[in-house]
Amino acid sequence: MNKLNNNQLVYLLHALAYSSEGTVTKGDVKGSLPKEIKKSANQSCDELHKHNLLEFPKRGRISVTKQGVKALVSNLQITDYKFESNKGPKILNTLLYCLQLKDYQDNISAKSSEDMDFDTFVNKFEELYFQERRKQELRGVVVIRSRDIRHSFLEKNHISKDKFETFFSKLKSDEKIFSVTEKNEELIQWVE
Amino acid sequence: MPEDSGKKKYIKSFLQQVQGGEGFIEDIWIQRDVRLPGTSGKGSIAKSLSGRTVSNITELLEDDLKHSLDDGYFTFRFVAALIGSGKTSLLTYLNELTKNKPNYKNLCIAVRFQLSDLLTVGGKQSFSIKLYCHILAQTFWELLHNKDLSISVIKVAETILSELLESAQVAQLKSARNFKIQFAPKFNKYLIDSGVGFEDFFFYVIDEIAVIEPLFTFVYLTDELDALEQYPNHIQDTRALFKALVKRARQQFNSKIRLLIYLGGTSNNVDSFIEGDPVLKSIVDSSVITLISHQEELETIRKKIDHRIEGAYKGYKNFDIAWQEIRNIRLNPANTLREFCKEYASKVLEIHEKYFREAPEQVFEGNARQLVEAQCKQKWANYLNKSAYSLSEVFTTTVLEGHAFDCYVKLLHNGRSVARAFGEAKNYELLSEHLQTFEKWLGDVNFNPSTLDGTPSDLAFMIAPSCPYLLQRKLELQNIEFIQADKITKPETEKVISPLLTPAQKSNAVNVNTSDRTVLAKTFKGTGFGPQKIGQLIKNRPLKNLDELVSRVKFSEKVKYNIQQKINNGEICF
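Residues numbered from 1 in each chain as written. Chains lettered and ligands numbered in written order. Predicted model: local features only at pLDDT ≥ 70, side-chain atom pairs only at ≥ 80, totals over all residues.

Remarks on the overall build of chain A
What chain A contains, in helices and strands, is 10 helices and five strands. Here the C-alpha radius of gyration of chain A, 24 Å, is well above what a compact globule of 192 residues would show, namely 16 Å. Projected onto its principal axes, the C-alpha positions of chain A cover 75 × 30 × 30 Å. The buried share of chain A, reckoned over its 192 residues, is 27%. (Helix = DSSP H or I, 4+ residues; strand = E, 2+ residues; numbered from the N terminus. Rg over C-alpha atoms; globule rule 2.2 N^0.38 Å. Buried ≥ 20, exposed ≤ 12 C-beta atoms within 10 Å, placed from the backbone.)

Written out as C-alpha cells, the structure reads:
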C-alpha cells in the first residue's frame with residue numbers, strides 16, 4: 001500500500017473529485033485546494049505521478065490511475081487529516097464513491113487482518129476460550145487443547161499463522177494463560 | 001530444657017511440607033468454589049448428585065458421602081483437572097472424611113489406590129483381572145483388619161471367604177500382618193483358583209454385608225488414570241470394568257446400592273477415557289468434577305501461610321522487615337496450585353531462615369488459662385458442685401514426662417488429684433502437626449478421656465484463633481476440644497526484652513513452682529544454683545518471684561544475676 005502524506009492525499013482526492021470524463025487540468029486541481037495544501041501542489045503532483053498514482057494523458061491534464069484510486073481509498077481509512085472549511089458536492093460525492101468501492105470493503109478486512117493488534121487478539125481469544133469451555137462443561141470434561149483453539153481461531157479471524165503464534169506466545173509470557181502438556185498435547189487454561 | 005511447644009519448629013516443617021507441593025497438604029486445604037456446568041463465574045465445575053445445592057468442593061464431597069452413606073445411593077464420579085490442580089488432594093480429603101466422622105468410620109470401608117500400583121504387580125493375568133483382584137483384596141483386607149468395624153461385619157467377611165476358600169487359606173489371610181506382601185499375593189492366587197466370577201463376587205459381598213449391616217457402604221477412590229496412558233489395552237480393560245460396575249449399579253440396583261466410586265486423572269486422560277465409549281459417555285455425563293484453579297485460591301492459600309507466620313513471629317525484632325519481604329513476594333498468576341505451593345513456600349522458607357532461624361515461635365498464652373479454667377468448671381460441674389471436689393489453680397507451662405504443657409489444671413478430691421486437664425495454645429490456625437505432637441504428649445501422660453466407673457475423666461483442649469474443619473473432626477475423635485481464642489496481633493514487643501516478668505514469658509518458660517527436680521537441674525545449669533539449692537527451692541514452694549526465692553534460699557548476687565538473665569530470656573518463670 002502506498003502510504004500518502006496529507007498533502008498527497010488531499011491532492012489526489014481533489015484530482016478525482018474535479019475530473020470530468022476522467023481528466024482535469026492541473027490548474028483546476030490547484031485552484032480547488034485548501035490554502036495550506038496549495039503551496040505544495042506541484043510537488044505532490046510530481047510525487048504522485050512518480051508512483052503511478054497519477055498520469056498525464058495530455059499536456060496540462062491529469063488523470064487518477066486505478067492504482068491511485070486504490071491508494072486514495074486505503075489512505076482515507078487511516079488518515080488523521082481534518083477538513084477545516086466547507087466542501088462542495090464534488091468532494092462529498094467522491095468520498096461517497098470511495099466508500100462504495102469494493103476496494104474499500106476489501107481494505108477493511110485486509111486492514112483487520114494485517115493490523116489486528118494484541119488487545120483485539122486478547123479479547124477475541126478470551127471470548128473464544130470461554131465459549132469453548134462452556135461447551136465442554138456442558139458436555140463433560142474440560143480440555144482446552146492449544147491445537148483446537150488455534151485451528152478455531154484461525155478459521156474465524158483474519159490473522160496470519162505467524163502473527164497468531166507471536167501473540168499466542170505473548171499470552172503466555174504476559175501470564176494471561178498457562179499451559180501444561182498431557183499425553184503429548186498442550187492444554188491451556190485462561191488465568192482467572 | 002524440656003521439649004517445648006514453642007521451641008518446636010512447626011512453622012518450618014509446615015513450610016517444608018507446602019514446598020514439597022505433592023499430594024494432600026491438610027494445613028492449606030481451602031474452600032474451593034464450585035459452580036454448575038455452563039454457568040459463568042470462576043471455580044471448579046460439578047453438579048451434586050443429590051440435587052442439593054453445593055457451593056464448594058468440601059460441601060460437594062460431604063454431599064457425595066451423604067448421598068451414599070446416609071441416603072444409600074450409588075455415587076460415581078470422575079475427577080478431572082490439569083496436572084498439579086488438586087485431584088489427589090481431593091481424593092485424600094474424601095478418604096480422611098470417611099475416617100474422621102464418628103458415624104461413618106464404623107460403617108464403611110474406604111479403599112484408595114493408584115492405578116500405577118498395578119503396573120508393578122507380576123502375573124500373566126489380564127489387567128482387568130489384576131484390577132478386580134486388587135479391588136477385592138483391598139476390600140477384604142479392610143473387612144478383616146479394620147479395627148473400627150463391628151465383629152459381625154468381620155464375621156460375615158470370613159464366612160464369605162470360607163464359602164470359596166479352604167479354611168487354612170482363610171486362616172492365613174486373617175493372620176496376615178501387612179497388605180502388599182503377606183495378604184494380596186495369597187488372596188489373589190486363592191481367588192483366581194476358586195474360579196469365581198469377580199464382578200458377581202463383588203456385588204455378592206456388598207449384598208451379604210448389607211444383610212447384617214444395612215447401612216454399610218463401600219468406598220473406592222482410584223487415582224492416576226494417567227498412569228495407564230502408555231497402555232491402551234489396560235485403559236480398555238479399566239473402562240470395561242468400571243462401565244460394567246456403573247451399569248449394574250444403575251440398572252440392577254436402580255442406583256440404590258451403598259457404593260461410592262471416584263476415578264481421578266488428568267483432564268486429557270479422563271476425556272479420552274470417557275469419549276472412548278459412547279455407552280460410558282451417556283451414563284456418566286453429569287458425574288464429572290473438573291477442578292479449575294484461579295487466582296483468589298492462590299491468594300487464600302497465601303493468607304493461610306502468611307497468617308501463621310504472623311501469629312508465630314509477630315513481635316520479634318526482625319518481624320517487620322521479614323513481613324515486608326514476605327508481602328513483596330510476587331505471585332505468578334499463571335501457576336498451577338502445585339507450582340504456586342512450591343514457589344511461594346520456598347521463598348517464604350528462605351525469609352524464615354534468614355530472620356527466624358534461631359527464634360522460637362511467638363510465645364502465646366492470651367487468655368488460654370481463663371478459657372481452660374472456664375471449660376473445666378463446666379465439664380467437671382457435676383463434681384465441683386460437691387464440696388469434696390475443688391479445682392487446682394491453673395498452671396502455665398508445666399513439664400510432665402518431659403513435655404511442657406501450656407496449661408495444666410487438676411480436679412482435686414479432698415486435695416488429692418483425681419483428674420487432669422491439659423491445654424495447648426497457638427496464636428495461629430492449628431496445624432495437623434500440633435495435634436500429632438499433642439496426641440503423643442497426652443499418650444505419654446496416660447491421658448484418660450473416658451472412664452466407665454463414673455469417676456471424673458481427663459480433659460484436653462487446644463486453643464487457637466481457628467482450626468480447619470477436618471482437623472477439628474480429628475481432635476474430637478481424640479477427645480480433644482478446640483477452643484477458639486482471638487489472635488493476638490499486637491504483642492507488646494517490650495515483653496520480649498523487658499527484664500520484668502510477664503505472663504507472656506511464662507508460658508515458654510520452666511515454672512519453678514511446678515517442675516520436677518530433674519527439669520529444674522537442667523534449667524538452672526550454668527547459674528551456680530546447684531542441687532542442694534534446688535532441694536531448698538522445692539521445700540519452699542510456692543514462690544512468687546525471684547526476690548522471694550532469694551530471701552528463702554540464700555545465694556549470691558552473681559547467682560541471682562544469672563537467674564535473672566534466664567528469666568529475661570524466658571527460660572524460667574514462677
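Still to come is the rest of the account.
Notes on the interface of chain A and chain B
Facing 18 residues of chain A, the contacting portion of chain B comprises 24 residues. Among the elements of the structure, helix 8 (118-139), strand 4 (177-182) and strand 5 (185-190) of chain A are those that each provide at least two residues to the side of chain A that touches chain B. In terms of residue count, strand 4 of chain A provides more of the side of chain A that touches chain B than any other element does, four residues in total. Looking at side-chain class alone, the side of chain A that touches chain B contains nine nonpolar, two polar and seven charged residues. (Contact = placed C-beta atoms within 7 Å. Nonpolar A, V, L, I, M, F, W, Y, C, P; charged D, E, K, R; others polar.)

What about the domain arrangement of chain B?
According to the domain assignment, chain B contains domain 1 (1-32 + 295-360), domain 2 (46-291), domain 3 (368-484) and domain 4 (509-573). The residue makeup of the side of domain 1 of chain B that touches domain 2 of chain B, split by class, is three nonpolar, three polar and three charged. (Domains from an automatic or database assignment.)

Topic: the domain arrangement of chain A
Domain boundaries in chain A define domain 1 (6-111) and domain 2 (116-190). Just the C-alpha atoms count here: the centres of domain 1 of chain A and domain 2 of chain A sit 43 Å apart.

A look at the confidence of the model for chain B
Parts of the model with low pLDDT should not have their predicted coordinates read in detail. Confidence in the prediction of chain B, expressed as mean pLDDT, is 89, and 94% of residues score 70 or more. Within the model, the stretch residues 492-506 of chain B combines pLDDT values under 50 with 20 contacts to residues more than four positions away or in other chains. (pLDDT = per-residue confidence, 0-100.)

Digging into the sheet that holds strand 14 (residues 459-464) of chain B
Adjacent strands of a sheet pair through backbone hydrogen bonds, lying either parallel or antiparallel. All names here are of chain B. Ordered in space as 9-12-13-14-15, the five strands form an open sheet in which the pairing is mixed. Strands with a single pairing partner mark the edges of an open sheet, and in this sheet they are strand 9 (389-391) and strand 15 (481-484). For this sheet, the mean inter-axis angle between neighbouring strands, taken without regard to orientation, is 20°. With five bridges joining them, strand 13 (residues 416-425) and strand 14 adopt parallel strand pairing. Within the sheet, the bridge partner assigned to A421 lies in strand 14 and is L459. (Pairing = 2+ DSSP bridges. Axes fitted to C-alpha atoms, helices over the stretch in contact; angles between N-to-C directions.)

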